[in-house]
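Given next are the chains, with one letter for each unit.
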Amino acid sequence: QVQLVESGGGLVQAGGSLRLSCAASGSIFSPYVMGWYRQAPGKQRELVASLTSGGSTNYADSVKGRFTISRDNAKNTVYLQMNSLKPEDTAVYYCCIVVSGTRQYWGQGTQVTVSS
């Protein structure tokens, strides 16, 4: 089992920044992929950014150049640094991990609201 706990969401004005954290615990073995997803009201959940155990990253086109995914292995924590936030970034952000391509776990989600 893997547990994921997100934090760092909140209300910010357009152009501002937030950093989300996802603390992971449990049975995590390479290879794995950790990702941040988001879901806005009335929309499907979408991938925002991902980071593999090998260090490869991937970003949605809508956040490239503004968001950065990173990790602290010592703390088993993945971060999403979000800069130049826009109202359309408003959503519930979820942390997700897929271990060995088979086991998938989700965090509880954290609300990000960007005011115009």
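Now for a description of the structure that goes with this document.

Criteria and thresholds
- Residues numbered from 1 in each chain as written.
- Predicted model: local features only at pLDDT ≥ 70, side-chain atom pairs only at ≥ 80, totals over all residues.
- Heavy atoms only, no water.
- Helix = DSSP H or I, 4+ residues; strand = E, 2+ residues; numbered from the N terminus.
- Polar contact = N/O pair within 3.5 Å; in protein donor to acceptor, adjacent residues only side chain to side chain.
- Contact = heavy atoms within 4.5 Å.
- Pairing = 2+ DSSP bridges.
- Buried < 20%, exposed > 50% of the residue type's maximum accessible area, 1.4 Å probe, protein only.
- Disulfide = S-S within 2.5 Å.

## Quick notes on the side chain of Thr110
Line of reasoning, step 1. Relative to the helices and strands, Thr110 resides in strand S11 (residues 110–115).
Line of reasoning, step 2. Polar side-chain contacts of Thr110 include one of 3.2 Å to the backbone nitrogen of Gly9.
Line of reasoning, step 3. Non-local contacts of Thr110, meaning those with residues more than four positions away in its chain, are made with Glu6, Gly8, Gly9, Leu20, Ala91, Val92 and Tyr93.

## Describing the pairing of strand S7 (residues 67–72)
Line of reasoning, step 1. Where S7 meets strand S8 (residues 77–82), six bridges bridge the pair, whose relative direction is antiparallel. In the strand pairing of S8, Phe67 is matched with Met82.

## Remarks on the environment of Gly55
Line of reasoning, step 1. Among the secondary structure elements, Gly55 is positioned in the loop between strand S5 (46–52) and strand S6 (57–59).
Line of reasoning, step 2. Residue classification places Gly55 among the partly exposed positions, given a relative accessible area of 38%.
Line of reasoning, step 3. In sequence terms Gly55 and Val33 are 22 residues apart; their C-alpha atoms lie 9.3 Å from each other.

## As for unusual backbone geometry
Line of reasoning, step 1. Phi angles above zero are rare outside glycine, and Asn76 is one such case at about 50°.
Line of reasoning, step 2. Relative to the helices and strands, Asn76 is located in the loop between S7 and S8.
Line of reasoning, step 3. In this structure, Ser100 takes a positive phi of about 55° despite not being glycine.
Line of reasoning, step 4. As for its placement among the helices and strands, Ser100 is situated in the loop between strand S9 (91–99) and strand S10 (103–106).

## As for the state of the cysteines
A covalent bond bridging the sulfur atoms of two cysteines is what the word disulfide describes.
Line of reasoning, step 1. Per the counting criterion, the structure on display carries one disulfide.
Line of reasoning, step 2. Between the sulfur atoms of Cys22 and its disulfide mate Cys95 the distance is 2.1 Å. Between Cys22 and Cys95, the S-S dihedral sits near -80°, and the bridge is therefore left-handed. With Cys22 in strand S3 (residues 18–26) and Cys95 in strand S9, the pair connects residues that are 73 residues apart, well separated along the chain. Note on accessibility: Cys22 and Cys95 belong to one class, buried.
Line of reasoning, step 3. The structure places no disulfide on Cys96, whose sulfur is separated from the nearest cysteine sulfur, that of Cys95, by 7.3 Å.
Line of reasoning, step 4. Residue classification places Cys96 among the buried positions, given a relative accessible area of 3%.

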